[in-house]
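Survey of secondary and tertiary structure
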Amino acid sequence: MVKKYRVLFHNPITEAGDFKTGMARIGVPAATVDHMIAGAPVVLKGGMSLPEARQYADAVQEAGGRATIEADGFMEDPAHPDHSSEMASIATYQDFTMCPMCGFKQQRGPRCIKCGLAFR
Ligand SMILES: [Zn+2]
């Protein structure tokens, strides 16, 4: 089994305005950045290989945010048996969402990664 990793956002390491500008450059709207900052630490994306997670975290750090990578041990999703998921575009940040049940901010997916609520 291939080990998966996830990227967490912790806090901006630049002025909030500069961070928003940096994130806008990689396709993240300011409103999403507000949610990220308000909900930090938040999981930006999970289920990635280590090189993917590094690239993702690097992009966030270049934009001026502190991001860390951690092992993603419990994200097996039978609906997505493909373990060799393709490189996710940084544009997928736009798919950020907040769970209506528990309020956890996360990458949009089939269900809440925290409480398991199926989205829409
Ligand atoms: Zn939830």
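A brief structural summary. Quick caveat, the model's predicted, so the values are computed rather than measured.

Quick look at the packing of helix α1 (residues 16-25) against helix α2 (residues 30-39)
The geometry of a pair of packed helices is captured by two quantities: the angle between their axes and the separation between those axes. Contact pair α1 / α2: the axes reach a minimum separation of 9 Å and the direction vectors enclose 125°. One finds that α1 runs oblique with respect to α2. Taken as a pair, α1 and α2 cross one another with a handedness that is right-handed. Taken together, the residues of α2 that come into contact with α1 (itself represented by Ala16, Phe19, Lys20, Met23 and Ala24) are Ala30, Val33 and Ile37.

Things to note about the sheet that holds strand β1 (residues 5-12)
Read from one edge to the other, the open sheet built from three strands follows the order β2-β1-β3, with strand pairing classed as antiparallel. Edge positions in the sheet fall to β2 (42-48) and β3 (65-71), since each has one partner strand and no second. Adjacent strand axes in the sheet meet at a mean angle of 25°, parallel and antiparallel pairs treated alike.

A short note on α1
Inspection of α1 places Phe19, Lys20, Gly22 and Met23 among the buried residues, and these make up the whole buried set. The arc enclosing the buried residues of α1, seen along the axis, measures out at 165°, which places them on a common side. On its buried side, α1 packs onto β1, α2, α3 (50-62) and β3. Directly after α1, the chain includes glycine 27, whose backbone phi takes a positive value near 90°.

How each quantity is defined
- Numbering of residues begins from 1 in every chain and follows the order in which that chain's sequence is written.
- For a predicted model such as this one, the threshold for reporting local features is a pLDDT of at least 70, and the threshold for listing and counting side-chain atom pairs is 80 or more; totals across whole chains, interfaces and linings nevertheless cover every residue.
- Helix axes are fitted to C-alpha atoms over the stretch in contact, other axes to C-alpha atoms as well, and angles between N-to-C directions run from 0 to 180 degrees.
- In DSSP terms, a helix is any run of H or I states spanning at least four residues, a strand is any run of E spanning at least two, and both are numbered starting from the N terminus.
- Here the angle decides the label: under 35 degrees means roughly parallel, over 145 means roughly antiparallel, 65 to 115 means roughly perpendicular, and every other value means oblique.
- With the far helix as reference, a near helix turned anticlockwise by less than a right angle produces a left-handed crossing, and one turned clockwise produces a right-handed crossing.
- A residue pair is marked as a contact if its C-beta atoms, positioned from the backbone, fall within 7 Å.
- Criterion used throughout: strands pair if DSSP finds at least two bridges between them.
- Our exposure labels follow a C-beta count within 10 Å of each residue's own C-beta, placed from the backbone: buried means 20 or more other C-beta atoms, exposed means 12 or fewer, and partly exposed covers the counts in between.
- Each direction from the helix axis to a C-beta atom contributes to the arc, which is the arc of those directions.

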